[in-house]
Amino acid sequence: QQAVALKGIDIRVELGANLSQQPVPPNAVLFIIVRPEGAGGGPPLGARRINQPEFPVTVTLTDKDSMMAQRPISASPRLQLQARLSINGQPTPSAGDWQSSASNTSVDNGEITSLVLDQQVK
């Protein structure tokens, strides 16, 4: 577990075709959310907030991105990753935001997980 915590999960977030034709608003915030696989909702295990993102964005999530120290990201062997570009900068989804499909991965897969912002929140 210690090695996984230090290694982290590599994620690349890209703009989908519809969004890449538009300028990203200067106050937009990218959120990358990590949940246990199959959680479906509820509070995430971890998240990363990126102000004024320049795409594509590549990040490595580690246990430092955990929401609570007693629930580290590395404690879940399978994870669900999702990215959302918040137009108004708020952490809760709202109409007009762009998000990716959820992608499942394991904490030790060693590959970059690609997320594409191609779904607009209604």
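Note that the structure is a prediction, hence the values are computed from the model and not measured. Every residue gets a number counted from 1 within its own chain, in the order that chain's sequence is written. Whole-chain, interface and lining totals are the exception, using all residues; otherwise, since this is a predicted model, local features are given only for residues with pLDDT of at least 70 and side-chain atom pairs are given and counted only at 80 or more. Side-chain descriptors were evaluated using all non-hydrogen atoms of the structure, hydrogens and water having been removed beforehand.

1. Brief notes about the layout of surface pockets
Then step 1. Lining residues are defined by having an atom within 4 Å of a point belonging to a cavity or pocket. Those points lie on a 1 Å grid over the protein atoms alone, cavities being sets where a 1.4 Å probe fits but cannot get out and pockets being open sets with protein on both sides within 12 Å along at least five of seven lines. Grid points are joined across faces, edges and corners, and a volume is the space filled by probe spheres set on the points. Reported here for the largest pocket is a volume of approximately 240 Å³.
Then step 2. Lining the largest pocket we find 13 residues, and of these I33, R35, R84, P91 and P93 sit closest to its centre.
Then step 3. A class-by-class count of the residues in the lining of the largest pocket yields eight nonpolar, three polar and two charged. The residue classification treats Ala, Val, Leu, Ile, Met, Phe, Trp, Tyr, Cys and Pro as nonpolar and Asp, Glu, Lys and Arg as charged. All others, Gly included, are polar.

2. Description of unusual backbone geometry
Then step 1. Between F55 and the following residue, P56, the backbone shows a cis peptide bond with an omega angle of 0 degrees.
Then step 2. You will see that Q52, though not glycine, has its phi angle at about 45 degrees, which is positive.
Then step 3. Looking at the secondary structure, you find Q52 in the loop between β3 (46-51) and β4 (57-61).
Then step 4. Accessibility here uses a 1.4 Å probe with only protein chains present; expressed as a share of the type maximum, an area under 20% marks a residue as buried, one over 50% as exposed, and anything in between as partly exposed. By relative accessible area, which is 58% here, Q52 ends up exposed. The numbering of helices and of strands both runs from the N terminus, where a helix is a DSSP run of H or I of at least 4 residues and a strand a run of E of at least 2.

3. Quick look at the pattern of salt bridges
Then step 1. Whenever Lys or Arg places a side-chain nitrogen within 4 Å of a carboxyl oxygen from Asp or Glu, that contact is recorded as a salt bridge. Enumeration over the complete set of coordinates arrives at four salt bridges.
Then step 2. Put simply, R48 and D65 hold a salt bridge, and the shortest N to O gap is 2.8 Å. Taken together, the residues R48 in strand β3 and D65 in the loop between β4 and β5 (78-86) connect sequence positions 17 residues apart.
Then step 3. The partly exposed category is assigned to R48, whose relative accessible area is 23%.
Then step 4. Residue D65 is classed as buried on the basis of its relative accessible area of 11%.
Then step 5. Between D97 and R84 there is a salt bridge; the shortest N-O distance is 3.1 Å. Taken together, the residues span a long stretch of sequence, with D97 in the loop between β5 and β6 (98-99) and R84 in strand β5 at a distance of 13 residues. R84 shares its class with D97; the two are buried.

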